[in-house]
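One letter stands for each residue in the lines below.
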Amino acid sequence: MRIAADQAPFARIDRSRPVRFVFDGRSYEGFAGDTLASALLANDVRVVGRSFKLHRARGIMGQGAEEANALVTLGEGAATEPNVRATMIELTDGLVARSVNTWPSARVDLGAVVGWFGLLLPAGFYYKTFMGPGQGAWHIYERFIRRAAGLGHAPRATDDRRYDKRHAHCDVLVVGAGPAGLTAAIAAADTCNSVLVLDEQTEAGGSALGMPDRIVGMVDRLRSAPNVRVLMRTTAIGLYEQNLVVAVERMGDNTADIRLSAQRLWKIRAERVVLATGAIERPLVFDGNDLPGVMLASASATYAMRYAVACGRRAVLVTNNDGIAKSAESLRMAGIEIAAIVDTRPSSALAPDGIEVLRGHGVVRARGRSSVTEVEIAPLTPDGKQFLPRRRRIDCDLIAVSGGWNPTLHLLGNGAGRTRYAPEIACFIADDLSPTVAVVGAAAGELGEGYSVRPAWRMPAVGRGAPWRQFIDLHNDVTVGDLALAARENYRSVEHLKRYTTMGMAHDQGKTSSVNALGILSEAIDRPLAALGTTRARPPYTPVAFAAVAGRQIGALYAPKRELPAHVAHLGCGAVFAESGGWMRPMHYPLAGESTADAIRREVLAVRNAVGIVDNSALGKVEIHGPDAAILLDRLYSNDWGSLAVGRARYGLMLTEDGMVFDDGVTARLSDTHYLMTTTSAGAGTVVDWIELWLQRAWRDLRVFATPVTHHWADLTIAGPRARDLLGRLSLDMDLSPEAFPHLAIREGTVAGLPARILRASFTGELSFEVMVPARSADQLYNAVMEAGRDLGITPFGVDATLILRAEKGHILIGLEADGTTTPDDLGLGRLVSRKKDFIGRRSLTLADRLRPDRPQLVGLQSDDDRVLPGGGVVWSGDSKLGHVVPMSSCRSPVLGRCIALALIAGGRDRIGSAVTVTAIGSQHRASVVSPVFLDPKNGRIYV
Amino acid sequence: MLILPCPWCGPREETEFACDGEVSSVSVDPATASDGAWADALHNRTNRKGMHREWWCHRRGCRQWFWIERDTATNQLRNSGLPGTES
Amino acid sequence: MRYSIASLLRNALSYHEHWPQAWRSPAPKPRYEVVIIGGGGHGLATAYYLAKNHGITDIAVLEKGWIGGGNTGRNTTGIRSNYLHDASAAFYDYSVRLYEELSRTLNYNIMFSQRGLVSLMHSDAELAQADRLRNALHANGIETDFMTVADLAREIPLLDTSPDARYPVIGAVRQKRAGTARHDAVAWAYARAADGLGVHIIQDCAVRGIRREGDRVTALETTQGNIAAGRVAIAVAGHSSVLAEMAGFRLPIVSYALQAVVSEPLKPMLDTIVGSTAVHVYLTQSDKGELVIGASRDGYPSYAQRGSFGTVEDMMAAGLALFPTLGRVKLLRQWAGIVDVAPDASPIVSKTPVANLYISTGWGTGGFKAIPAGGVVFAHTIALDRPHALNERYGLDRFTSGRLMDENAAAAVRH
């Protein structure tokens, strides 16, 4: 019910701006400045949701982040947002909200039948049943349980609003712009260069909003200070190491203005952090305390003063502390009748004018069908453990409760401090704070002058069933009965209690339930509360959208694609691309109407019979400079490098310290002190890191530099018997004759007018020249080659053809044969292990395991029939498992006309000539073990 | 996210760096080490809970290595230095 | 009291006032035949199987905090056996089989839900490696099936299966027998069963020192006094090196923070576990309705049970890369466990350089799924002073011989 303007003179709603909204299909009106919660209360909507387990009717109980009941789904259709607290939603015109976990609506919910069986569903009931009849029974029961569980529905469509991130640095960051935060910020502004103030509300003022005087002028003073920035609608969700505060600013969430990002994630580094995060009132635990109409006293006061909303007409206030006086004053000012204040303390200083205070009394139960209609109270024994006779009923439609206050210290849960129990104010306060973090105001336990409280963790239960209606965690339906059961069964550690009963694990993460639960546990097992410890509060403080955390790192920007320098030219040739080794690379180039297999076969045959061009620009390239370059290479590679002449190149293997092959490539000597190293594509970064690690940490005496130049040079490789003819047609200033330019040599000069390095090396097994030109000229060279080679049958070929060409030659691929568990000898490359020098990995090559006769060794397999052998198939000799067919190595060789594959099998080289079986899911093959070099073992095609 | 002091670039965010684990406390001569001594040097770690010295590389920056003392239980940082001064 | 629907009904009539303790909390005796350090899933399972399979009941399990409070209570609860190496496949598949019977074996519903694990493939190279894995598994009697993009679109409508995705999905491999279980319940179920066989479970009992005479352990110095032991077993993943140091040796272990997050509870939308290697993230939905999301470990050694926010940013970005409609689903809680990682990503269940001291560690990111089998083989190793057939390859000696069990092997292709 809305309160007249003169009874809430400082209310922050704008009565001149009505706002229409829809809740559970009905249309209502509120005002600008309302939250959805205040507007619902103003319209006397009492039941706003259903509890998680028992589907009990629930009303709004709080006014901010602590709200445990009023979760709604925002929006309509595909792009909905589930599980938003009604207390945190700014009311905007046209807003549509639905209650969650209800059907058909919060008021009339069929799921409520579950509540009738509440006693069958105590804490952990699911651990004790649903175990049979057969194995897998749970999976059947689970379907029903899952359907009942969960809250809102996930959105079905992609949210296309923008989410940004921003970094900020400041001297002082104040979290919370209530009276304490404002005071701290003003003080900081006088002495510090930069001050940042955050508050989750729409306007500064915190608990003072709607109240007279307290903060007048403070906000304006802050806003006018040039060194202060105030961010509203911004929630600090976590305080991490070194004072990193992560906060979420809700910017365009509630507007249609597409220029605004929906939300902005702030990553703030502050020299000092001031937590002025206030305190959250605790509920009181009594029979029926979950009925709509039972709410936090401070929340009912806030609704009255800030939103001009009466949450009831006649209230009974229940308290164990003096803080209630302020709430009572607000309610009275707003014209709400206060029938009585029930104070659990036998004596207290509480004496508000004209209100009956029933000291030493407690609540036996709240009564009402769908919301509160009366409260039954009784005097308590002095220890508060039992009721005395003389019960009394009071008519009321609002029970405003205060069980004391909990400083909001959630942000300390990630390392910036601890909390300890302060018995004098019956709550947990900050302890062992990081020296650069301060806590002020209510968050620091300053709960008002002369604040006095006596714990009343729960009211006595009347009847054996009552504990099961005394709710602690409203959202998850955890009762005193559940807690007592857990304690009885020895789930007594605070964490066990939480996990067994699910107390504090709901949306509100225990903001209003945890301390009460600890108090009850402490009494149940007779251990002091201070000795129990607490569960650790984990970030985020309030739930945060995945999209806000991901920011712009979505869609194409999730991981930018790397394109080859000649990408456009490949497109022109009809390339089909796929990501491989971190680059978008042409897989094959199908002609119109040609199948993939036919295209690959055509490309292979072109390379074997004429000439092809492949883009090897993705290969890593590293320039090694310095007088000790050769020494470096000798230590990095397992083979000898000292004797390499200028202008020549050599293939080498790099090993891990464990002796396993981890990268390979050809390295060429450009001058006495200058080498060009090539690496695998995916290894380009790793190898440079590896070199730097050794140069900087172990071999600081070496005079040598390694410079990654992968992106500087394109590498277009021309391969095939006509490669020399083709290259000769490009205006070029070097002699290509075999004598002048032998295999494994490098020359520098110009090609087609471009500065170039040409490396004669072969992965395909054909005469092959790798032409390296500056990356920006890649297209130009590519087109020149295509043009010049047209009549020679120049054919672009891709990764797929390369896989076949290399398999026919038995050339290894890092990641396939060399999968991190194979040594040079396993791969048949024992000749590349120097006996003369030390190199990385050498020591490990003499370990017992490396000398095993049954090590996996690389061999060729030749199918006994015309079926392609299964890549990744298992190789057997009889019943004994030998190893596997190397993935991506199996093919029907177009030139050999046979089905071949490479395999790693135990003691493989000794098995050459023998027969094996290859099995895969659904197939079995016979094959012969042969040499892994199927084609041209003498390399006659390369050395032409 | 830690802020680490690159000796060349100054304080930078953790995401720019790569960690290579603790500075080894054992050194062996591969030529003479027994298999056991070699395995100890290669694989075994002190893996201290508390302050230890570890290697970091400013991987997405100047690519330079340095060591730093960090408490593995609290992430508190202490001294740091260039390679060659780690032991 | 046996747990059943009948006992639940009966107790409801008496307002649940008569349930017995799930396990007792005895004061420690001065000496036990076997003392197990670590009351997580592995420690408790080991105690249970020592009593059950080997008849050793004079056992104490010492837990420095609350049982199940380490990685058992901080993981994403995935259970699977799709391992490449024969020895690993055999071990983990045995574990899955034990899990299948565990609720009934222990009379405690651990909610093993075999909802399947779907590993997404984004490239031919991944498909090729998946073939190797599938064939190897098939040869070990572990079945997987291949899912086409159409299968995925039908069964996981939440997944972005469009070819325009940044990492388009081109297929998936599913292990149907994989699933999830209620993590805390596994610890509690073993605790209750072990307690029933006479095992002492002693919480809030931290080990401060390990007393040795020669090459034998004689006693443990604990916060509840000295406890003598005939044999000592360490099962404290996340803390193994600290205990090993007390016993005087080093381990091939580095400890890292592994983070996970859960979302707010939502109505059922994902009935399986979905993971991707290229887009490094995996997701499942708990019975409560929360999405449980995990990704890679943090990049530096850590004993702090909290992780770097950067990892969470990457995790959320990866999650949205696969499931773009989840943008406005909210992250409810973020936490970290400390995982002990061996160089070959395989576990260590082994004798140690100290004669009567045994260790189970190196479970990396996958210790939860290994709890039942880990308990059986560790109990065997302790009882008989030699490994079970299933952990012969998991000894510390493999680091000296060089015979590692590299499960990282069939990873990315580099060419």
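The shown structure was predicted, so the numbers you read here are calculated from the model rather than taken from an experiment.

1. Considering the overall build of chain C
Helices and strands together make up the secondary structure of chain C, namely 10 helices and 18 strands. Taken over the C-alpha trace, chain C has a radius of gyration of 22 Å; the compact-globule value for 415 residues is 22 Å, and the two agree within 12%. Approximately 12400 Å² of chain C is accessible, and the part contributed by carbon and sulfur atoms is 51%. Taken as two groups, the 41 positive and 38 negative side-chain charges of chain C have centres that lie 4 Å from each other.

2. Focus on the overall build of chain B
Counting its regular elements, chain B contains 1 helix and 6 strands. With respect to the principal axes defined by its C-alpha atoms, chain B has extents near 40 × 25 × 20 Å. Expressed as a percentage of its 87 residues, the buried residues of chain B come to 47%. At a minimum sequence separation of 6, the contacts of chain B that also span at least 24 residues come to 46%. Here chain B displays about 4000 Å² of accessible surface, and carbon together with sulfur accounts for 47% of that area.

3. Concerning the interface of chain B and chain A
On the chain A side, the residues contacting the 23 residues of chain B number 21 residues. Both sides together, the interface formed by chain B and chain A hides about 2000 Å², and carbon and sulfur atoms give 47% of it. Counting across the interface, chain B meets chain A through 5 salt bridges. With its nearest N and O atoms 3.1 Å apart, the salt bridge here joins E13 of chain B to R269 of chain A.

4. Concerning the sheet that holds strand β1 (residues 14-23) of chain A
All names here are of chain A. Reading across from one edge, β2-β1-β7-β5-β6 is the order of the 5 strands in this open sheet, with mixed pairing throughout. The open sheet terminates on both sides in strands that have one partner only, identified here as β2 (26-32) and β6 (81-85). Taken over all neighbouring pairs, the strand axes of this sheet differ in orientation by 40° on average, direction set aside. In terms of strand pairing, β1 meets β2 through 7 bridges, oriented antiparallel. Bridge assignment links F21 to a residue of β2, and that residue is Y28.

5. Side note on the packing of aromatic side chains
Per the stated rule, a full pass over the model turns up 36 aromatic pairs over all chains. When the centroid spacing of 4.9 Å and the interplanar angle of 80° are considered together, the rings of Y126 of chain A and Y127 of chain A count as edge-to-face. Relative to F112 of chain C, the ring of Y99 of chain C has its centre 5.6 Å away and its plane inclined at 40°; by these criteria the two rings are tilted. Taken as a pair, Y99 of chain C in helix α3 (residues 86-106) and F112 of chain C in the loop between α3 and β4 (117-121) lie far apart in primary sequence, 13 residues in all. Neither residue differs from the other here; Y99 of chain C and F112 of chain C are each classed as buried. Lying across the ring of F144 of chain A, R147 of chain A places its NZ or CZ 5.7 Å from the centre. Sitting over the ring of Y256 of chain C, R297 of chain C keeps its end group 3.7 Å from the ring centre.

6. Some thoughts on the side chain of E142 of chain A
Take E142 of chain A: it is sitting in helix α2 (residues 137-148). Taking relative accessible area as the criterion, E142 of chain A reaches 1% and is therefore assigned buried. What E142 of chain A contacts, discounting residues up to four positions off in sequence, is S113, R115 and D287 of chain C.

7. Observations concerning the interface of chain A and chain C
Contacts between the two partners involve 122 residues from chain A and, on the opposite side, 111 residues from chain C. Approximately 10400 Å² of surface area, both sides summed, lies buried where chain A meets chain C, with 55% of it carried by carbon and sulfur atoms. Area buried by chain A at its contact with chain C is led by Y127, R146 and F546 of chain A, which between them contribute 9% of it. Here K267 of chain A ties to E313 of chain C by a salt bridge, and the two come within 2.7 Å at their closest N and O atoms. Inspection of the chain A/chain C interface yields 59 residue pairs in polar contact (both at pLDDT 80 or more).

8. Some words on the sheet that holds strand β20 (residues 374-379) of chain A
Residues and elements named next belong to chain A. Within the open sheet, the 3 strands sit side by side as β19-β20-β21. Their pairing is antiparallel. The open sheet has two edge strands, β19 (361-367) and β21 (392-395), and neither has a second partner. Each neighbouring strand pair of the sheet contributes to a mean axis angle of 30°, computed without reference to strand direction. The sheet contact formed by β20 and β21 spans 4 bridges and is antiparallel. Bridge assignment links E374 to a residue of β21, and that residue is D395.

9. Here we look at the pairing of β4 of chain C
Residues and elements named next belong to chain C. With 4 of its 5 residues buried, β4 lies for the most part within the structure. Across 5 bridges, β4 lies against strand β6 (residues 171-175) in antiparallel orientation. Across the sheet, the residue bridging to L117 is Q175, located in β6. Alignment of β4 against strand β13 (residues 273-276), held across 4 bridges, turns out to be parallel. Bridging across to β13, S119 finds its partner in G275.

10. What to know about the packing of helix α8 (residues 494-501) of chain A against helix α6 (residues 183-196) of chain C
In a pair of packed helices, the angle between the axes and the distance between the axes together describe the arrangement. The geometry of α8 of chain A relative to α6 of chain C is characterised by a closest axis approach of 11 Å and an angle of 115° between their N-to-C directions. By crossing handedness, the relation of α8 of chain A to α6 of chain C is classed as left-handed. Residues H496, R499 and Y500 of chain A of α8 of chain A form the contact with α6 of chain C, whose participating residues are H183, D184 and W188 of chain C. Within the contact of α8 of chain A with α6 of chain C, the residues separate by chemical class into 2 nonpolar, 2 polar and 2 charged.

11. Overview of the environment of F249 of chain C
Residue and element names in this part refer to chain C. Looking at the secondary structure, you find F249 in the loop between α7 (240-247) and β12 (254-265). Given the relative accessible area of 9%, F249 is considered buried. Considered as a pair, F249 and S81 are 168 residues apart in the sequence and their alpha carbons are 32 Å apart. Ignoring any residue separated from it by four or fewer positions in sequence, one finds F249 in contact with A244, T352, P353, V354 and L357.

12. A closer look at unusual backbone geometry
Cis geometry is adopted by the peptide bond preceding P133 of chain A, which originates at G132 of chain A and carries an omega value of 5°. Within the secondary structure, P133 of chain A is located in the loop between β7 (95-99) and α2. For the bond running from P539 of chain A to P540 of chain A, omega is -5°, close enough to zero to count as cis. Mapped onto the secondary structure, P540 of chain A falls in the loop between α10 (529-532) and β29 (544-545). In the Ramachandran plot, N47 of chain B falls in the positive-phi region, its phi being about 50° despite a non-glycine side chain. Structurally, the position occupied by N47 of chain B is in the loop between α1 (35-43) and β4 (51-57). Given a relative accessible area of 3%, N47 of chain B falls into the buried group. Within the chain, N107 of chain C stands out as a residue other than glycine whose phi angle is a positive 55°. Tracing the sequence through the fold places N107 of chain C in the loop between α3 and β4.

What counts and how
- Residues numbered from 1 in each chain as written.
- Chains lettered and ligands numbered in written order.
- Predicted model: local features only at pLDDT ≥ 70, side-chain atom pairs only at ≥ 80, totals over all residues.
- Heavy atoms only, no water.
- Helix = DSSP H or I, 4+ residues; strand = E, 2+ residues; numbered from the N terminus.
- Rg over C-alpha atoms; globule rule 2.2 N^0.38 Å.
- Areas by Shrake-Rupley, 256 points an atom, 1.4 Å probe, with all protein chains shown as cover.
- Lys, Arg positive; Asp, Glu negative; His and termini not counted.
- Charge placed at Lys NZ, Arg CZ, Asp CG, Glu CD.
- Buried < 20%, exposed > 50% of the residue type's maximum accessible area, 1.4 Å probe, protein only.
- Contact = heavy atoms within 4.5 Å.
- Buried area = accessible area lost by both parts, 1.4 Å probe.
- Salt bridge = Lys/Arg side-chain N within 4 Å of Asp/Glu carboxyl O.
- Pairing = 2+ DSSP bridges.
- Axes fitted to C-alpha atoms, helices over the stretch in contact; angles between N-to-C directions.
- Phe/Tyr/Trp six-rings, centres within 6.5 Å; stacked < 30°, edge-to-face > 60°.
- Lys NZ or Arg CZ within 6 Å of the ring centre and 35° of its normal.
- Polar contact = N/O pair within 3.5 Å; in protein donor to acceptor, adjacent residues only side chain to side chain.
- Left-handed = near helix turned anticlockwise from the far one by under 90°.
- Nonpolar A, V, L, I, M, F, W, Y, C, P; charged D, E, K, R; others polar.

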